[in-house]
Amino acid sequence: MTDVTIKRALLSVSDKSGLVELGSALAAHGVELVSTGGTAAALREAGLAVRDISELTGFPEMMDGRVKTLHPKVHGGLLAVRDDAAHAAAMAEHAIGAIDLVVVNLYPFTATVAKGAERDEVIENIDIGGPSMVRSAAKNHRYVTIVTDPADYAALAEAMDRSGGATTLDFRKAMAAKAFAATAAYDAAIAQWFALTDQQHHFPATLLGASKLVSALRYGENPHQSAALYVPAQGSGVSGLPQARQLQGKELSYNNYNDANAALELMAEFGTDQPAVVIVKHANPCGVAVAATPLAAWQAALACDSVSAFGGIVALNRPLDGPTAEAICEIFTEVVVAPGADETARAVFARKKNLRLLLIDSLPEAKRSGLITVPIIGGLLVQDRDNGILTEDMLKVVTKRQPTAQELADCRFAWTVAKHVKSNAIVYAREGVTAGIGAGQMNRRDSARIAAVKAQEAAETHGWDIPRTVGSAVASDAFFPFADGLLAAVEAGATAVIQPGGSIRDDEVIAAADAAGIAMVFTGMRHFRH
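(A) Representation of the overall build of the protein chain within the structure. Looking only at helices and strands, the protein chain has 19 helices and 23 strands in total. Taken over C-alpha atoms, the radius of gyration comes to 30 Å for the protein chain, far larger than the 24 Å a tight globule of 530 residues would show. Overall size of the protein chain, expressed as C-alpha extent along the three principal axes, is 95 × 55 × 40 Å. Each of the 530 residues in the protein chain was classed as buried or not, and the buried ones make up 48%. Nonlocal contacts in the protein chain, meaning residues at least 24 apart in sequence, comprise 56% of its contacts between residues at least 6 apart. Of the roughly 24,900 Å² of accessible surface on the protein chain, 53% is carried by carbon and sulfur atoms. The positive charge centre, built from 47 side chains, and the negative charge centre, built from 58, are 3 Å apart in the protein chain.

(B) Inspection of the sheet that holds strand S4 (residues 51-52) at higher detail. Sheet architecture is open: five strands sit in the order S4-S3-S2-S5-S6, paired in parallel fashion. Taken across any chain shown, the strands that pair with only one partner, and hence form the sheet edges, are S4 and strand S6 (145-147). With two bridges joining them, strand S3 (residues 32-35) and S4 adopt parallel strand pairing. Paired with Val-34 across the bridge in S4 is Arg-51.

(C) View of the packing of aromatic side chains. Within this structure, the stated rule accounts for five aromatic pairs. A ring pair is formed by Phe-270 and Phe-413, whose centres lie 5.6 Å apart and whose planes are at 40°; its orientation type is tilted. With Phe-270 in helix H11 (residues 254-270) and Phe-413 in helix H16 (residues 405-418), the pair connects residues that are 143 residues apart, well separated along the chain. The exposure class assigned to Phe-270 is buried, which follows from its relative accessible area of 15%. Take Phe-413: its relative accessible area is 8%, and that puts it in the buried class.

(D) Highlighting unusual backbone geometry. Ser-423 connects to Asn-424 through a cis peptide bond whose omega is -10°. With respect to the element layout, Asn-424 can be found in the loop between H16 and strand S19 (426-430).

(E) Representation of the pattern of salt bridges within the structure. Scanning the model with the defined rule gives 19 salt bridges in all. The closest approach of N and O atoms between Asp-305 and Lys-454, which form a salt bridge, is 3.2 Å. Pair noted here: Asp-305 is in the loop between helix H12 (294-304) and helix H13 (306-309) and Lys-454 is in helix H17 (residues 444-462), with a separation of 149 residues, a long-range link. Note that Arg-444 and Asp-477 form a salt bridge whose closest N and O atoms lie 2.5 Å from each other. With Arg-444 in helix H17 and Asp-477 in the loop between strand S21 (473-476) and helix H18 (483-491), the pair connects residues that are 33 residues apart, well separated along the chain. Of the two residues, Arg-444 and Asp-477, both sit in the buried class.

(F) Expanded view of the nonpolar core. Counting residues in each nonpolar core, the largest one holds 49 residues, and the members touching the most others are Leu-26, Val-102 and Ile-146. Looking at which element gives the most residues to this core, the answer is helix H10 (residues 169-197), with eight residues. Once you skip the residues sitting within four places of it in the chain, Val-102 turns out to touch Leu-10, Leu-78, Met-133, Ala-137, Val-144, Thr-145, Ile-146 and Val-147.

(G) Inspection of the side chain of Thr-416 at higher detail. Looking at the secondary structure, you find Thr-416 in helix H16. Beyond its immediate stretch of four places on either side in the chain, Thr-416 contacts Leu-266, Glu-269 and Phe-270.

(H) Fine view of the pairing of strand S11 (residues 276-281). Across the six residues that make up S11, a large majority, five, are buried. Relative to strand S12 (residues 284-290), S11 is paired through six bridges, and the arrangement is antiparallel. Within S12, the residue paired with Val-280 across the bridge is Pro-285. Hairpin geometry of S11 and S12 is characterised by an intervening segment of two residues between the two adjacent antiparallel strands and by a positive phi of about 55° at His-282. Inspection of the sheet shows S11 paired to strand S13 (residues 312-316) by four bridges, in the antiparallel sense. Each residue of the ladder has a partner; that of Ile-279, found in S13, is Val-314.

(I) Up close: H18. Among all positions in H18, only Ala-483, Gly-485, Leu-486, Ala-488 and Ala-489 are buried. Elements in contact with the buried residues of H18: S19, H17, S21, strand S22 (496-499), helix H19 (506-516) and strand S23 (519-522). Count one or two residues on from H18 and you reach Gly-493, which has phi positive near 105°.

(J) Highlighting the packing of helix H8 (residues 129-139) against H10. Running from N to C, H8 and H10 cross one another at 150°; their axes reach a closest spacing of 9 Å. One element, H8, and the other, H10, form an angle in the roughly antiparallel class. When you trace H8 past H10, the crossing you get is left-handed. From H8, Pro-131, Val-134, Arg-135, Ala-138 and Lys-139 reach across to H10, where they touch Ala-176, Ala-179, Phe-180, Thr-183 and Tyr-186. Tallied by class, residues from the contact of H8 with H10 come to seven nonpolar, one polar and two charged.

(K) Structural detail: the packing of H17 against H18. One way to put it is that H17 packs onto H18 with a least axis distance of 8 Å and a crossing angle of 10°. Taken together, H17 and H18 sit at an angle that is classed as roughly parallel. Packed against H17, whose contacting residues are Arg-445, Ala-448 and Arg-449, the element H18 presents Asp-484, Gly-485 and Ala-488 at the interface. Taken together, the residues that form the contact of H17 with H18 break down as two nonpolar, one polar and three charged.

(L) A nonpolar patch on the surface, seen in detail. A contiguous nonpolar patch, built from Phe-203, Leu-207, Leu-371 and Leu-380 and spanning about 330 Å² of accessible area, is present on the exposed surface. Note that Leu-371 resides in strand S16 (residues 371-376). For Leu-371, a relative accessible area of 33% puts it in the partly exposed group.

(M) Structural context of the environment of Pro-204. Along the polypeptide, Pro-204 turns up in the loop between H10 and strand S8 (211-217). Spatially, the C-alpha atoms of Pro-204 and Ala-260 are 31 Å apart, while their sequence positions differ by 56 residues.

Criteria and cut-off values
- Residues numbered from 1 in each chain as written.
- Predicted model: local features only at pLDDT ≥ 70, side-chain atom pairs only at ≥ 80, totals over all residues.
- Heavy atoms only, no water.
- Helix = DSSP H or I, 4+ residues; strand = E, 2+ residues; numbered from the N terminus.
- Rg over C-alpha atoms; globule rule 2.2 N^0.38 Å.
- Buried < 20%, exposed > 50% of the residue type's maximum accessible area, 1.4 Å probe, protein only.
- Contact = heavy atoms within 4.5 Å.
- Areas by Shrake-Rupley, 256 points an atom, 1.4 Å probe, with all protein chains shown as cover.
- Lys, Arg positive; Asp, Glu negative; His and termini not counted.
- Charge placed at Lys NZ, Arg CZ, Asp CG, Glu CD.
- Pairing = 2+ DSSP bridges.
- Phe/Tyr/Trp six-rings, centres within 6.5 Å; stacked < 30°, edge-to-face > 60°.
- Salt bridge = Lys/Arg side-chain N within 4 Å of Asp/Glu carboxyl O.
- Core = buried A, V, L, I, M, F, W, Y, C linked by side-chain atoms within 4.5 Å.
- Axes fitted to C-alpha atoms, helices over the stretch in contact; angles between N-to-C directions.
- Parallel < 35°, antiparallel > 145°, perpendicular 65-115°, else oblique.
- Left-handed = near helix turned anticlockwise from the far one by under 90°.
- Nonpolar A, V, L, I, M, F, W, Y, C, P; charged D, E, K, R; others polar.
- Patch = residues over 30% accessible without salt bridge, like charges linked within 9 Å, V, L, I, M, F, W, Y side chains within 5 Å.

Okay, structure coming up:
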């Protein structure tokens, strides 16, 4: 059997978008419509003839609608193997009619959780009958068509039009695969909710999750690697790059997404209080600044390391204006992410056909919770997202000299940036601008020296008398295991240091800071990022 003519359809949907149009298309093919509750009411209101599920089963909907489709006359009509003599005899004996099409989408469980509903309401939005019908129909796809997504209604109608009211086996197979994925994702969301609301266990015994494909990407980190973009199947409640509006430019690559996400994560730390610009290259910030205007912030961030900024990713926390767009377009930039762009800015970027301009609705919450997963051979590492935020009461001055108000502000700015730099991370900053960034080295001293070299190169490029590391604050993402890293920072001109502390040689490092006459603050918090 290949084509199956649809004579009877069971419709029971939570999301009623496109329902009336589909019902009309089915009725045009002479399909008998059987439905439940609100779905039946919506179809009748549109003037369509509908048979109640209770008429089919001989039992009323009961227990507040909890029991309506869990009945042999429903599931027998779905699961029967039509060309099996025993199945056909059972159907005849018990007056079970075949159901050829099931159109079901499930109670809005994730949306109910997302709106902060009380536990009882969340529980009531766990669908039982819906997934049961979906699975029965999908299992028996040789004979039954299952549709779970309103986006597929048009395809169903077209398939029936082409085949005189029937569907092909290939169509039913495709819909069955999608249906099983839908119920798997739904159950995963429910299981995760139970796990995360159980305060006795931070990590669930079984880690579940489902994602749906957004698009295939051109390739992964390298051309010989395949890649794709997915989003949580039941939604995450967080808006990021997959939800951004791309106004122009080529499709984003795997590396574009990865780097732009790093820029957006760091930008989230600054909020919207003051214009800020983040420039990222290969997932590391190479220039960060806050200033009075977006243009001033761009110019200051770029000056930190204009060599690395070439071909980079730019994120802003304010809508783009024309002057800022003009300045950004003076160098080759892969992607710009911003919460809006005026008409002048859009016209400027339009001249750069390959530059991707992404508009986001808002910045993500820097303090949001979540789990980070990393595959390893034979397993999966899972940890909390690093949402640690430095507070005033965490700061402990450990040197004889107290930092000035400006030095303390620079320390906090450098610390925020260092949180998003690959370890070992060293960040010099002065007056809301990064002066030098050292990332990903195998020892902290080399990161301090590399950052200082970059600052010296920037001074030579821009004709400054001294590099911006002179009079700067320096942040280290983890403690200095030896005094050599701190001394490299002192040699670069830093006058204040912020670091977690906790080394067995803290006394030695503090003594070196005191001998150099600089101030040092401990945070008690580390920000490794590997």
